[in-house]
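If you want the building blocks of each chain, they are given just below.
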Amino acid sequence: MRTEQMLSQKEFVMPTKVVSGIGAARNVGEEVKQLGVTKAMIVTDKGIYNAGITQPIEKSLKEAGIDVHVFNEIQGEPDTELIALGSKAFNENKCDGLVAIGGGSSMDTAKAVGVEVVHGEPVLNYEASDNGKPLEKRIPPLTTIPTTAGTGSEVTQWAVIKDPVREIKFNVGGPLIPAHLAVIDPELHLSMPRHITAATGVDALSHAIECYTMNQSQPITDSVALLAMEYVAKYLRRAYANGNDIEARYHMAQAAMLAGLSYGSDSAGAAHAMAQTLGGMVPVMHGQCVSAMLPAVMEFNWKGAPDKFARIAKALGVDTEGMSTEEAAKASVLAVEQLVKDVEIPTLLEQGVNPDEIDRYAKAAFEDPQTFGNPRDVDLDGYKWIYRRCLGLEESTLY
């Protein structure tokens with residue numbers, strides 16, 4: 001760890017109670033009741049709702065004496081217009097709690113709705129930037145029940161929302177926005193399609209790797225990040241190959257949660273700076289996008305933290321015996337590159353990213369606040385190189 005990292009003051013906030021186990025979601029009612037909720041707004045998308053995934057959870061809530069209103073208007077990644085619609089529904093139906101069921105979009109929507117209803121103004125006013133206000137009030141009691149194993153939003157202090165006017169995604173966060181309760185139930189992950197299993201799984205890995213190597217890392221976040229990496233390396237291919245492998249689903253659900261905790265009170269690095277800004281300009285799925293970028297970002301970054309990248313190789317199952325630090329660091333990049341291939345993540349070109357727009361994409365990434373966390377200094381030219389590498393316009397530096 002760099003001397004300046006050791007000298008800087010750190011903090012780690014964990015305001016979320018985590019309940020995990022096979023079938024845990026079926027018994028969520030009494031847990032939510034203990035939060036003081038009398039009427040819960042379920043936040044989900046139509047696909048999950050129409051598949052009947054919310055039904056046992058609704059049943060448990062009602063059996064605990066909690067009234068339910070379902071808000072299932074989510075389509076894709078949330079924007080400021082959706083949040084305003086959700087806030088209106090929460091207030092009009094006199095709800096006093098939130099239950100998010102789904103992937104990162106559902107959980108981020110619920111967090112942002114919570115911000116709006118307690119502050120009485122648009123979530124955009126609380127953007128994590130020089131111009132944004134800090135959050136002043138705790139959101140209403142929020143329970144997060146993830147149906148994917150990737151975003152970690154069930155335990156993070158962040159929500160990522162699109163601003164359609166500026167064509168960017170922005171973060172809102174702090175210790176007042178996390179869920180009060182997270183319920184990790186791998187049974188809910190069994191119906192996850194293979195491409196979602198892949199994208200969310202590598203997304204979880206990207207959280208762990210970026211947070212382990214970021215400038216703001218600390219021992220407590222390092223520890224959960226490393227275990228998340230080990231779980232992804234061991235279980236993602238299994239979950240991808242056999243969606244009914246409940247052991248693999250269980251450990252991938254834990255990996256996503258642990259990787260979410262590795263964010264601590266800070267952010268990530270270049271891969272998320274690129275993916276979040278690109279997602280505001282191009283209709284890409286966040287998980288697939290960041291997964292396709294991760295090997296190239298690691299290839300750029302390993303020189304900034306070679307010891308940590310060498311340790312990543314071990315966590316990913318690479319036999320580093322006899323390797324130098326540099327060789328092991330490079331091996332970590334190759335191991336992730338192989339995992340991305342094995343779970344068939346589409347390339348950025350296949351996802352519709354235009355090579356002619358690299359300058360625009362790079363500028364947006366450079367201006368993203370997560371650039372600060374990157375372990376290697378990255379300027380505009382650095383982002384352009386990474387984009388070219390992702391798009392097959394640069395040769396690998398590892399061979």
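Note that this is a predicted model, so its numbers are computed, not measured.

Secondary structure assignment for the chain yields 15 helices and eight strands. A globule of 399 residues ought to have a C-alpha radius of gyration of about 21 Å, and the chain, at 20 Å, matches this closely. With the C-alpha coordinates of the chain rotated into their principal frame, the extents come out at 60 × 45 × 45 Å. Looking at the chain as a whole, 60% of its 399 residues qualify as buried. Once local pairs closer than 6 in sequence are excluded, the contacts in the chain between residues at least 24 apart make up 78%. Summing over all exposed atoms, the chain offers an accessible surface of approximately 15,900 Å²; the carbon and sulfur share of this is 50%.

A word on the sheet that holds strand β1 (residues 17-20). Spatial strand order, β1-β8-β5-β4-β2-β3: six strands in an open sheet with parallel pairing. Only two strands of the sheet have a single partner each, and these edge strands are β1 and β3 (67-74). Along the sheet, successive strands turn relative to each other by an average axial angle of 20°, direction set aside. As defined by bridge partners, strand β2 (residues 39-45) adjoins strand β4 (residues 97-102) across four bridges and the pair is classed as parallel.

Counted according to the given criterion, the structure contains 21 salt bridges. Put simply, glutamate 344 and arginine 194 hold a salt bridge, and the shortest N to O gap is 3.7 Å. Of this pair, glutamate 344 sits in the loop between α13 (325-342) and α14 (358-367) while arginine 194 is found in helix α7 (residues 194-213), placing the two residues 150 residues apart along the sequence. Among the residues examined, arginine 194 registers a relative accessible area of 46% and is labelled partly exposed. Among the charged side chains, a salt-bridge network with shared partners connects Glu127, Asp163 and Arg166.

Turning to its location among the elements, histidine 207 is positioned in helix α7. Once residues lying within four places of it in the same chain are set aside, the contact partners of histidine 207 are Gly150, Thr151, Ala259, Ser262, Tyr263 and His272.

By volume, the largest pocket amounts to about 1,100 Å³. Around the largest pocket, the lining comprises 47 residues; the ones closest to its centre are Glu77, Gly103, Gly104, Ser105 and Thr151. Among the elements that make up the lining of the largest pocket, the one with the highest residue count is α7 (five residues). Across the lining of the largest pocket, the residue classes tally to 18 nonpolar, 23 polar and six charged.

Looking at the element boundaries, lysine 17 is found in strand β1. In this view, lysine 17 contacts Glu31, Gln34, His180, Leu181 and Ala182; residues no more than four positions away in its chain are not counted. Reaching out from lysine 17, the side chain makes a polar contact with the side chain of glutamate 31 at a distance of 3.0 Å.

Take the nonpolar core next. Counting 77 residues, the largest nonpolar core has Leu205, Met229, Leu278, Met293 and Leu348 as the members making the most contacts within it. Of the residues forming this core, the biggest block, 11 residues, is contributed by helix α8 (residues 219-241). With near-sequence residues (within four places) excluded, leucine 348 lies in contact with Cys289, Ala292, Met293, Val353, Tyr387, Cys390 and Leu391. Met41, Ala89, Cys95 and Phe170 belong to the second-largest nonpolar core, a separate cluster that totals 29 residues.

The subject of this paragraph is α14. Of the residues making up α14, those classed as buried are Ile358, Tyr361, Ala362, Ala364 and Ala365. Taken around the axis of α14, the buried residues stretch over an arc of 165°, which confines them to a single face. Counted as exposed and oriented over 90 degrees from the buried face of α14: Asp359 and Glu367. Residues of α14 that are buried make contact with α10 (270-281) and α15 (380-390).

What counts and what doesn't
- Residues numbered from 1 in each chain as written.
- Predicted model: local features only at pLDDT ≥ 70, side-chain atom pairs only at ≥ 80, totals over all residues.
- Heavy atoms only, no water.
- Helix = DSSP H or I, 4+ residues; strand = E, 2+ residues; numbered from the N terminus.
- Rg over C-alpha atoms; globule rule 2.2 N^0.38 Å.
- Buried < 20%, exposed > 50% of the residue type's maximum accessible area, 1.4 Å probe, protein only.
- Contact = heavy atoms within 4.5 Å.
- Areas by Shrake-Rupley, 256 points an atom, 1.4 Å probe, with all protein chains shown as cover.
- Pairing = 2+ DSSP bridges.
- Axes fitted to C-alpha atoms, helices over the stretch in contact; angles between N-to-C directions.
- Salt bridge = Lys/Arg side-chain N within 4 Å of Asp/Glu carboxyl O.
- 1 Å grid on protein atoms, 1.4 Å probe; cavity = no way out; pocket = protein on both sides within 12 Å on 5 of 7 lines; lining within 4 Å.
- Points joined across faces, edges and corners; volume = space filled by probe spheres on them.
- Nonpolar A, V, L, I, M, F, W, Y, C, P; charged D, E, K, R; others polar.
- Polar contact = N/O pair within 3.5 Å; in protein donor to acceptor, adjacent residues only side chain to side chain.
- Core = buried A, V, L, I, M, F, W, Y, C linked by side-chain atoms within 4.5 Å.
- Arc of directions from axis to C-beta.

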